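# Structural characterization, general
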Amino acid sequence: MNKFIYPSFRLMNSLSYSNKFTLIASLIAVPLIVIATSLAIQFHISVERVQEQQTGLQHIRLSTQLIRELENLRDNHVLAFLARVEDIDFGFNKTQDKTLALINKIEASPDLYQQQYTQDFIKDLKEEVSTLGIAPGMEAVRIVYLFDNAELRVEKARAWRVSLENKYNITSSTDQSVVALINLILNDMYQLSKPLGKARTYGTYYLTQHYISSNGADAIDTTYQTLNHEIENLTIKLKSIKSTLQIKHASPMIAPVIRALINTRNLLDDKLIQSLEQNYDPYLYYYAVTQDIEQVYIFIEGAFNIADAIQNDIYEEKINSLKVFYILVATIGLLFIYLYIGFFYSIKLNIKTLIRSANKVANGDYLSAIKVSSEDELKLLSITMDNMRQQLDAREHKLKELSITDGLTNLKNRKYFDDTLEVEVAKSNRSNTPISLIMLDIDHFKSINDNYGHQAGDKCLIEMSATLTDLMRRKSDLVARYGGEEFIILLPNTDKDHAKALSELIRVSIGQLNIETESSTISFTASLGIATVIPPAHFNHEKLITVADSALYTAKEQGRNRCIFKSVVLDNA
């Protein structure tokens, strides 16, 4: 041993664990570790929080894209439903395809789609959008009703987006610019969606009809007033947050949004409110309002880009701070290496003993006791490890039993049956004795589940399993659950006549079962397939299963509630 290290080794080897740590603690090791750990946790939590917010921002961005397509689908569906104008395509089918493609993209996002709320929402939405169509003869339905009904899909998507924001809590970001941008997107831009959609849908529809009803005039006027109100609110809002948006990244261009809102409002006024312009092309109106709506989403995309860039900068700052922190901790840690080297040599031998013992346990040797010669805390560790060895031994026996047992019926499972069948076939070959197999299946079990519930179905399986077990007279006979409502019985040293007799007894016994539930009494029957063979050399045991399964299939084809025997055809070779 190095003469320089020896004094430290000797000192540490003469101390108990408590004294060793007391010595290290005297050099402020313990307080330093506590402080360093606390700071590290805070740094990592901070980094993880920023990463989580970045992920949440991407998810909210994706949900906003979905809302955009659902708004387009809402408007195009209503127009395609009502405005049957030749040579004008409002793009319903194309919008439907784009919406489904976006839904598929969400499903392919593991971080997002693993959330239960998202799964439920997306599954329902996909089914609704996929089945959305244009039913003929519905032109008389009021446009307000159709629009409000289609708006429900958009509202659900917005509720989903709110749930994402709540989950990731983006608005808790330390950067006020991000908070302002997200609030602008989720709150202020949200207020524009419905009036813009109404302006596009109502206006286009009435221009195609060349007529506005009194209800339609009221709806157009309300939409106009709402747009006016939102323009005023947005203008005031932007003035109040202008200072907040003064950031190093380019600010999103809000002026085009205001101009777009004013343009849509003026179109409503000029083409529909002042007087219905009979010769005005409805598609030009539709296209103009669509372009205005596009300006809103261009602004939203720009706001997302800026928020994402800010979050990336924050993340980089956090990572750099974390690197500096670890460099500092590593430097300070070097000061304590000398004492820890001595500590290492003092416990080296006992650690080797514990490692060897642990390897034995890992390799399945649970018989060798774990002992060390140390009188310090390692002895307590060895006692704990020895207790663990004993518990693992007991647990392995229990798990082995569980692995071959069906949890519902307490019968042996299919794996155990397959292993046992192979062994029994080999025994029958050596002793030249017959071996029989019975496969049985509850008739119309799906109807029992459908009519009485799965709990009642499980009770039927349990009662039938108990009946099968009671009917077995030999320890060598094996009843196993083969899968679902299908069971299999292995009968070593049993010829076909005994197998047939037992099968008939089983069939009759099952037919006499009456399963009591809270509301009714359930009775049922079973179909059975029997196969018997004196296996020759190199006989494939799976063939016996195949023949019994074929016999069971024949029993079902012939009307169920019967026993069918089939012979095993042996190869001439």
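All figures in this text were calculated on a predicted structure; none of them were measured in a lab.

Conventions used here
Residues numbered from 1 in each chain as written. Predicted model: local features only at pLDDT ≥ 70, side-chain atom pairs only at ≥ 80, totals over all residues. Heavy atoms only, no water. Helix = DSSP H or I, 4+ residues; strand = E, 2+ residues; numbered from the N terminus. Rg over C-alpha atoms; globule rule 2.2 N^0.38 Å. Buried < 20%, exposed > 50% of the residue type's maximum accessible area, 1.4 Å probe, protein only. Contact = heavy atoms within 4.5 Å. Areas by Shrake-Rupley, 256 points an atom, 1.4 Å probe, with all protein chains shown as cover. Lys, Arg positive; Asp, Glu negative; His and termini not counted. Charge placed at Lys NZ, Arg CZ, Asp CG, Glu CD. Expected span 1.5 Å × (residues − 1). Pairing = 2+ DSSP bridges. Axes fitted to C-alpha atoms, helices over the stretch in contact; angles between N-to-C directions. Salt bridge = Lys/Arg side-chain N within 4 Å of Asp/Glu carboxyl O. Disulfide = S-S within 2.5 Å.

Let's shift gears to the overall build of the chain. Along its length, the chain carries 19 helices and seven strands. In terms of C-alpha radius of gyration, the chain reaches 38 Å, well past the compact-globule figure of 25 Å for 573 residues. Taken along its principal axes, the extent of the C-alpha atoms in the chain is 100 × 90 × 50 Å. Counting over 573 residues, the chain shows a buried share of 45%. For the chain, contacts bridging at least 24 residues in sequence account for 77% of all contacts bridging at least 6. A total of about 30700 Å² of accessible surface is found on the chain, and carbon and sulfur atoms cover 54% of it. Charged side chains in the chain number 60 positive and 68 negative. The centres of these two groups are separated by 8 Å.

The next point concerns helix 17 (residues 454-471). Every α-helix winds through 3.6 residues per turn, so residues three or four apart in the chain are directed the same way. An ideal rise of 1.5 Å per residue puts 26 Å on 18 residues; helix 17 measures up with 26 Å between its terminal C-alpha atoms. Of all the positions in helix 17, only Ala 456, Gly 457, Cys 460, Leu 461, Met 464, Ser 465, Thr 467, Leu 468 and Leu 471 are classed as buried.

Before going further, it helps to examine the sheet that holds strand 7 (residues 563-567). On the basis of which strands lie adjacent, the open sheet formed by five strands has the order 2-3-1-6-7 and mixed pairing. Of all the strands in the sheet, just strand 2 (478-483) and strand 7 have a single pairing partner and so form its edges. Averaged over all neighbouring strand pairs, the angle between strand axes comes to 20 degrees, with direction disregarded. Taken together, the five bridges between strand 6 (residues 526-533) and strand 7 define a ladder with parallel strand orientation. The residue bridging Gly 529 from the neighbouring strand is Ile 564, located in strand 7. Sitting on the sheet, helix 15 (residues 414-431) touches strand 1 (435-442), strand 2 and strand 3 (486-492), and the angle it makes with strand 2 is about 130 degrees.

What follows covers the pattern of salt bridges. Throughout the structure, instances matching the rule amount to 20 salt bridges. Close ionic contact of Glu 71 with Arg 158 constitutes a salt bridge, the shortest N to O distance being 3.1 Å. Highlighted residues: Glu 71 in helix 3 (residues 29-82) and Arg 158 in helix 7 (residues 143-168), separated in sequence by 87 residues. Here the two residues Glu 71 and Arg 158 agree in accessibility, since each one is buried. Of the charged contacts, one joins Asp 419 and Lys 415 as a salt bridge, the two residues approaching to 3.4 Å between their closest N and O atoms.

This part is about the state of the cysteines. This structure, assessed with the given rule, holds zero disulfides. Lacking any disulfide linkage, Cys 460 is separated from the closest cysteine sulfur, that of Cys 563, by 19 Å. Cys 563 gets classed as partly exposed once you look at its relative accessible area, which sits at 21%.

Once that is clear, we can look at the environment of Thr 208. Summarising the element assignment, Thr 208 is placed in helix 9 (residues 190-209). In this structure Thr 208 comes out as buried when scored by relative accessible area, which is 11%. Spatially, the C-alpha atoms of Thr 208 and Asp 281 are 8.0 Å apart, while their sequence positions differ by 73 residues.

Before going further, it helps to spend a moment on the side chain of Asn 72. Among the secondary structure elements, Asn 72 is positioned in helix 3. In this view, Asn 72 contacts Thr 95 and Arg 200; residues no more than four positions away in its chain are not counted.

These figures come from the coordinates and say nothing about function on their own.
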